[in-house]
Amino acid sequence: MIVSKFGGSSVADADQIKKVKAILDSDKNRRIAIVSAPGKRNKDDEKITDLLYKCNSLVQKGLTCRPVFNEISKRFVQIAQKLKIDDVKLSERLDDIRCMIDAGRGADYTASRGEYLSALVISEYLGWEFLDAEDVIVINSDSTVNEVTYKKLREKLDPEKRYVIPGFYGETEQGVVKTFTRGGSDITGSIVAKAVNAELYENWTDVSGIYRADPRIIENASVNPELSYKEVRELSDVGATVFHEEAIAPIYDSGIPIVVKNTNKPDEPGTRIVPESNDFGATAVSARSGLSRIRLRKLMLFKKYGVRHALLTMLHVFGIRPCYSLFGIDSIVWFFDSKMANESVCQAMCERLKKEFELDSIEVDHGHAILGVVGDGMDSSDAYFKAAEALNENGIGITFLNYGASATSVLFGVKEEQANDAVRAVYKKLF
Ligand code: ASP
């Protein structure tokens, strides 16, 4: 059995959904489809999920979500009409959902309705069963999947039938709707693929696979024919957005192959993601921007037992979860996503840490990026050296270096404004 997940661009409008049907119809082994909420139809368009989050913000401010929700309704009704499916029932459902959002059901419930409606419409169009993710996917408080999910899925899924399941959400053990992080339908696809022990997990999107570098930066970047699970996880950590960074985890032990393919060019081979790849050395380069850096210093900092843990706990209190770290004899450097804390939170955090831990200095600055050169066997390849050389030759300073922590990547800190130049320089040198 093949599990096929279709992202937002693949279900953005009726014409795209017709392509989805053609893909599903072309192989009888495709029996379960996981769908996202309709995404952008063009570059100036808005994703349904973004509009739903807007609805929730309006309600949080004590305003009605009606004007924004009308946009959402219009899109779904238009899709239903073009696909010639019953739009009366849909209108009733839309009204119910708007009332729930206005009544303050919260961000997760609100955001999840894009996938819910998308799956309802598509299941009706295909004539497949609709299986609500809320009834089968149980999400723990730390956003990992609860093991009971697999049992529930196996109980509910009849191998003789075909199903459409909404991606991105499930419910907590207490029965409250909960979403994964953005792009989380990829995770739903992995969970379902594992539950049914799929022969293949297909991830259909609007690009022809996972490129060696972002094609918006490198015009003629080539597509990787094959990557390993580890390579894809490392790549998504450094900004490659094609496959959600947490989506490998559910199928990591099962060995199920994944293929990333283009809904608009279904005959292209795409990228196959396999447990272990036969290729060693650099396979891709990517940069993750939008990072801030904390630098702190104190003589004999590590003399006190557990200081690292205590400092991190304090950062968490301010909503900061560092993603990259470096330790010196008397100093620590942490990078974190700038969206986690605004200027006043950063200032309050610095003051508190300085006082509590009697630091000699602490400062936060912004505008950083981490460039990752990814490939299995990086720890025994000369790619890190060549990448550093390329950065140096192009006048790009290195603010951070992480080599050896993973056998699959080497990471360089660069200034955000130089991130694209850094990708170009390294791509040219390595590929
Ligand atoms: N619709 C959600 C998002 O836009 C989840 C997904 O598409 O995977 O993030």
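Residues numbered from 1 in each chain as written. Predicted model: local features only at pLDDT ≥ 70, side-chain atom pairs only at ≥ 80, totals over all residues. Heavy atoms only, no water.

- In the nomenclature of an unreviewed UniProt entry, the protein chain corresponds to Aspartokinase from the organism Candidatus Ornithospirochaeta stercoripullorum.
- In its Sequence similarities (unreviewed entry) section, UniProt records this for the protein chain: "Belongs to the aspartokinase family."
- The UniProt entry for the protein chain carries the following comment under Catalytic activity (unreviewed entry): "L-aspartate + ATP = 4-phospho-L-aspartate + ADP". (UniProt positions renumbered as here; feature names shortened; annotations may be inferred.)

**Describing the environment of Glu-234**
- Within the secondary structure layout, Glu-234 lies in helix H8 (residues 229-237).
- Counting along the chain gives 50 residues from Glu-234 to Gly-184, while the straight-line C-alpha distance between them is 17 Å.
- Apart from the residues within four sequence positions on either side, Glu-234 is in contact with Val-374, Ser-406, Thr-408 and Ser-409. (Helix = DSSP H or I, 4+ residues; strand = E, 2+ residues; numbered from the N terminus. Contact = heavy atoms within 4.5 Å.)

**Some details on the site of the ligand**
- Lining the immediate environment of the ligand, one finds Ser-36, Thr-49, Glu-115, Phe-168, Arg-182, Gly-183, Gly-184 and Ser-185.
- A distance of 3.1 Å separates an oxygen atom of the ligand from a polar side-chain atom of Ser-36.
- One nitrogen or oxygen atom from the side chain of Glu-115 is found 2.6 Å from a nitrogen atom belonging to the ligand.
- When the ligand sits alone it has 260 Å² of accessible area, and the protein chains cover 91% of it.
- Across the shell around the ligand, the residue classes tally to one nonpolar, five polar and two charged. (Near = heavy atom within 4 Å. Polar contact = N/O pair within 3.5 Å; in protein donor to acceptor, adjacent residues only side chain to side chain. Areas by Shrake-Rupley, 256 points an atom, 1.4 Å probe, with all protein chains shown as cover. Nonpolar A, V, L, I, M, F, W, Y, C, P; charged D, E, K, R; others polar.)

**Brief notes about the packing of aromatic side chains**
- In this structure the tally under the stated criterion is nine aromatic pairs.
- By the ring-pair criterion, three or more aromatic residues cluster together here, those being Tyr-324, Phe-335 and Phe-400.
- Between the NZ or CZ atom of Arg-105 and the centre of the ring of Tyr-109, over which it lies, the distance is 4.1 Å.
- A cation sits over an aromatic face here: Arg-308 above Phe-327, 4.3 Å from the ring centre. (Phe/Tyr/Trp six-rings, centres within 6.5 Å; stacked < 30°, edge-to-face > 60°. Lys NZ or Arg CZ within 6 Å of the ring centre and 35° of its normal.)

**Focus on the UniProt feature "domain: Aspartokinase ACT" (unreviewed entry) in the protein chain**
- UniProt marks residues 373-429 with the feature "domain: Aspartokinase ACT" (unreviewed entry), using the numbering shown here.
- Measuring from the first to the last C-alpha atom of residues 373-429 gives 12 Å, for a span that is 39% helix and 23% strand.

**Remarks on the sheet that holds strand E16 (residues 409-415)**
- Across the sheet, which stays open at both edges, the six strands sit in the order E12-E13-E11-E14-E16-E15 with antiparallel pairing between neighbours. On the outer flanks of this sheet lie strand E12 (324-327) and strand E15 (400-403), each paired with one strand and no other. On average, adjacent strands in this sheet sit at an angle of 25° to one another, irrespective of strand direction.
- Of the strand pairs in this sheet, strand E11 (residues 284-297) and strand E13 (residues 331-337) are connected by seven bridges, and their pairing is antiparallel. Following the sheet pairing, Leu-296 is matched in E13 by Ile-332.
- The strands that helix H11 (residues 383-393) touches are strand E14 (361-374), E15 and E16; relative to E16, the one it contacts most, it runs at about 15°. (Pairing = 2+ DSSP bridges. Axes fitted to C-alpha atoms, helices over the stretch in contact; angles between N-to-C directions.)

**Structural notes on the pairing of E15**
- By the bridge criterion, four bridges tie E15 to E16 in an arrangement that is antiparallel. Counted as the bridge partner of Tyr-403 is Val-410 from E16.

**Focus on the UniProt feature "domain: Aspartate/glutamate/uridylate kinase" (unreviewed entry) in the protein chain**
- The residues that UniProt annotates with the feature "domain: Aspartate/glutamate/uridylate kinase" (unreviewed entry) are residues 1-262.
- Annotated as residues 1-262, this span is 41% helix and 14% strand, and its ends, taken at the C-alpha atoms, are 20 Å apart.

**Considerations on the packing of helix H3 (residues 66-82) against helix H4 (residues 87-102)**
- Close contact between H3 and H4 brings their axes to 10 Å; oriented N to C, the two are set at 160°. By the angle between their directions, the pair H3 and H4 is classed as roughly antiparallel. For the crossing formed where H3 meets H4, the hand is right-handed. Note on element contacts: H4 touches H3 through Asp-87, Leu-90, Ser-91, Leu-94, Ile-97, Arg-98 and Ile-101, opposite Arg-66, Phe-69, Ser-73, Phe-76, Val-77, Ala-80 and Gln-81.
- For the contact of H3 with H4, the class distribution of residues is eight nonpolar, three polar and three charged. (Parallel < 35°, antiparallel > 145°, perpendicular 65-115°, else oblique. Left-handed = near helix turned anticlockwise from the far one by under 90°.)

**Quick word on the nonpolar core**
- In this structure, Phe-69, Ile-101, Leu-153 and Ile-165 are the most contacted members of the largest nonpolar core, which totals 88 residues.
- Take this core: its biggest share by element is nine residues, from helix H5 (residues 107-126).
- In this view, Phe-69 contacts Leu-52, Cys-55, Leu-94, Ile-97, Arg-98 and Ile-101; residues no more than four positions away in its chain are not counted. (Core = buried A, V, L, I, M, F, W, Y, C linked by side-chain atoms within 4.5 Å. Buried < 20%, exposed > 50% of the residue type's maximum accessible area, 1.4 Å probe, protein only.)

**A few points about a negative patch on the surface**
- On the surface, Asp-86, Glu-92, Asp-95, Asp-96 and Glu-124 cluster together into a patch of negative charge.
- The element contributing the most residues to the negative patch is H4, with three residues.
- Relative to the assigned elements, Asp-95 resides in helix H4. (Patch = residues over 30% accessible without salt bridge, like charges linked within 9 Å, V, L, I, M, F, W, Y side chains within 5 Å. Salt bridge = Lys/Arg side-chain N within 4 Å of Asp/Glu carboxyl O. Lys, Arg positive; Asp, Glu negative; His and termini not counted. Charge placed at Lys NZ, Arg CZ, Asp CG, Glu CD.)

**Digging into the sheet that holds strand E2 (residues 30-35)**
- Ordered by their spatial adjacency, eight strands build an open sheet running E3-E4-E2-E1-E7-E9-E10-E8, and the pairing between neighbours is mixed. Since the sheet does not close on itself, it has two edges, and those belong to strand E3 (129-130) and strand E8 (226-228), each with one partner.

**Topic: helix H9 (residues 307-317)**
- Considered for burial, the residues of H9 that qualify are Val-307, Leu-311, Met-314 and Leu-315. Axial view of H9: buried residues confined to an arc of 105°, hence all on one face. Across H9 from its buried face, at more than 90 degrees, point the exposed residues His-309 and Val-317.
- As for H9, its buried residues are in contact with E11, E13 and helix H10 (343-356).
- Count one or two residues on from H9 and you reach Gly-319, which has phi positive near 80°. (Arc of directions from axis to C-beta.)

**A closer look at the environment of Ala-247**
- Here Ala-247 lies in the loop between H8 and strand E9 (258-262).
- Counting along the chain gives 66 residues from Ala-247 to Thr-313, while the straight-line C-alpha distance between them is 27 Å.
- In contact with Ala-247, other than residues within four places in its own chain, are Asp-186, Ile-187 and Ser-190.

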